[in-house]
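# A look at the structure
The primary structure of each chain is shown beneath.
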Amino acid sequence: MRAAYSVGSTGIEQGSPLAIAQAGAICLRMGDRPDEDEIALVASRTNGTWGIPKGHVELGESLRQAAEREAFEEAGAKGVTLEPAIGQFSYYKEGRLLRYSVSVHLLFVQTIAPYFPENNERQIKWVPLTGAAREVANRELSRIIASVRTHPLYEEHAGRDL
C-alpha cells in the first residue's frame, strides 16, 4: 500500500490503493500488577465512538513523533513512544470517501498533563487493558489492543524504567 500524507491530499477515492497516513498511540499506564494496566481511550468528536489518540502526520514528522504528539494533544499523555509500530489499521471517516491508514505505536505513559490542546473537545477514559479491546469501534484496532500483552515491546519494557 502507498500512503499519502494529509497535507494537500485530495481526490483519493474509496478502494484506491492510496491512503492518508496517520499515526496513533496506545497510551499505556502501568499498574502495580499487570491486571491493573490501563489505556486511554478517546471519543470521536463526530460520532462518539471510542478509539485511541490518532491523527495526521505533519511534514517532516516521523510516525512515532506524530503518535507521541497526538497522544498529548488528545489525551494529555506524555511518555516514551516505542518503535517499531505494533500494528496498523484502516478506517473511513463518516461522509468521506478517503481511507485512512493508522500506524499504531505503544506509548508508556509517564505523566498526564492537566491541560492539553483538546481537553475540552473530547471525552477521555482510562480503561483496563484487559477489557479495552471490547470498548473500541474498529475491529482491527481491537485486535491490536488485545495483542498488546503478548507483543515483544510490551514484554521487553513492562515493569522497567524507560
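To start, this report covers the structure provided alongside it. Model, not experiment: these values are computed from the prediction. (Residues numbered from 1 in each chain as written. Predicted model: local features only at pLDDT ≥ 70, side-chain atom pairs only at ≥ 80, totals over all residues. Heavy atoms only, no water.)

## A few points about the side chain of His105
- In this fold, His105 is placed in strand S8 (residues 99-112).
- The contact partners of His105, leaving out residues within four places of it in the chain, are Gly24, Ala25, Ile26, Leu63, Arg64, Ala67, Thr81, Leu82, Glu83, Pro84 and Ala85. (Helix = DSSP H or I, 4+ residues; strand = E, 2+ residues; numbered from the N terminus. Contact = heavy atoms within 4.5 Å.)

## Description of the pairing of strand S3 (residues 38-43)
- Along S3, five of the six residues are buried, which leaves the element largely enclosed by surrounding structure.
- With five bridges joining them, S3 and strand S9 (residues 124-128) adopt antiparallel strand pairing. Bridge pairing in S9 places Val42 opposite Ile124.
- Here S3 pairs with strand S4 (residues 50-51) via two bridges, running antiparallel. Note on S4: the bridge partner recorded for Val42 is Gly51. (Buried < 20%, exposed > 50% of the residue type's maximum accessible area, 1.4 Å probe, protein only. Pairing = 2+ DSSP bridges.)

## A closer look at the pattern of salt bridges
- Summed over the entire model, instances satisfying the criterion amount to 14 salt bridges.
- When the shortest N-O distance is used, the salt bridge between Glu73 and Arg69 registers 3.3 Å. Remark: Arg69 and Glu73 occur in helix H1 (residues 63-75); sequence separation between them is four residues, near one turn of the helix.
- On the accessibility criterion, Arg69 (14% relative accessible area) is buried.
- Across the pair Glu74 and Arg122 runs a salt bridge, and its minimum N-O distance is 3.5 Å. Placement of the pair is Glu74 in helix H1 and Arg122 in the loop between S8 and S9, with a sequence separation of 48 residues.
- Take Glu74: its relative accessible area is 3%, and that puts it in the buried class.
- Through salt bridges with shared partners, a single ionic network connects Arg45, Glu74, Glu118, Glu121 and Arg122. (Salt bridge = Lys/Arg side-chain N within 4 Å of Asp/Glu carboxyl O.)

## Details of H1
- Taking 1.5 Å per residue as the helical rise, H1 with its 13 residues ought to reach 18 Å, and the 18 Å between its terminal C-alpha atoms agrees with that figure.
- At its buried positions, H1 is contacted by strand S2 (18-29), S3, strand S5 (54-56), strand S6 (77-81), S8 and S9.
- Taken from the residues just after H1, Gly76 is the one with a positive phi, measuring 75°. (Expected span 1.5 Å × (residues − 1).)

## Comments concerning helix H3 (residues 139-146)
- Among all positions of H3, only Leu141, Ser142, Ile144 and Ile145 are buried. In a view along the axis of H3, the buried residues occupy a sector of 160°, so they form one face of it. More than 90 degrees from the buried face of H3, the exposed residues found are Arg139, Arg143 and Ala146.
- The secondary structure elements touched by the buried residues of H3 are S2, S3, S4, strand S7 (87-92), S8 and helix H2 (129-132).
- Structurally, the start of H3 carries an N-cap: the backbone nitrogen of Glu140 is 2.9 Å from a side-chain oxygen of Asn138. (Arc of directions from axis to C-beta. Polar contact = N/O pair within 3.5 Å; in protein donor to acceptor, adjacent residues only side chain to side chain.)

## Remarks on the nonpolar core
- Counting 29 residues, the largest nonpolar core has Ile26, Ile39, Leu106 and Ile145 as the members making the most contacts within it.
- Going through the elements one at a time, S2, S3, S7, S8, H2, H3 and helix H4 (152-157) are the ones with two or more residues in this core.
- In terms of residue count, the dominant contributor to this core is S8 (five residues).
- Sequence-distant contacts of Ile26, that is, excluding residues within four places in its chain, are made with Ile39, Ile52, Ile86, Val104, His105, Leu106, Leu107, Ile144, Ile145 and Val148.
- Counting 13 residues, the second largest nonpolar core, distinct from the first, contains Ala66, Ala71, Ala75 and Ala77. (Core = buried A, V, L, I, M, F, W, Y, C linked by side-chain atoms within 4.5 Å.)

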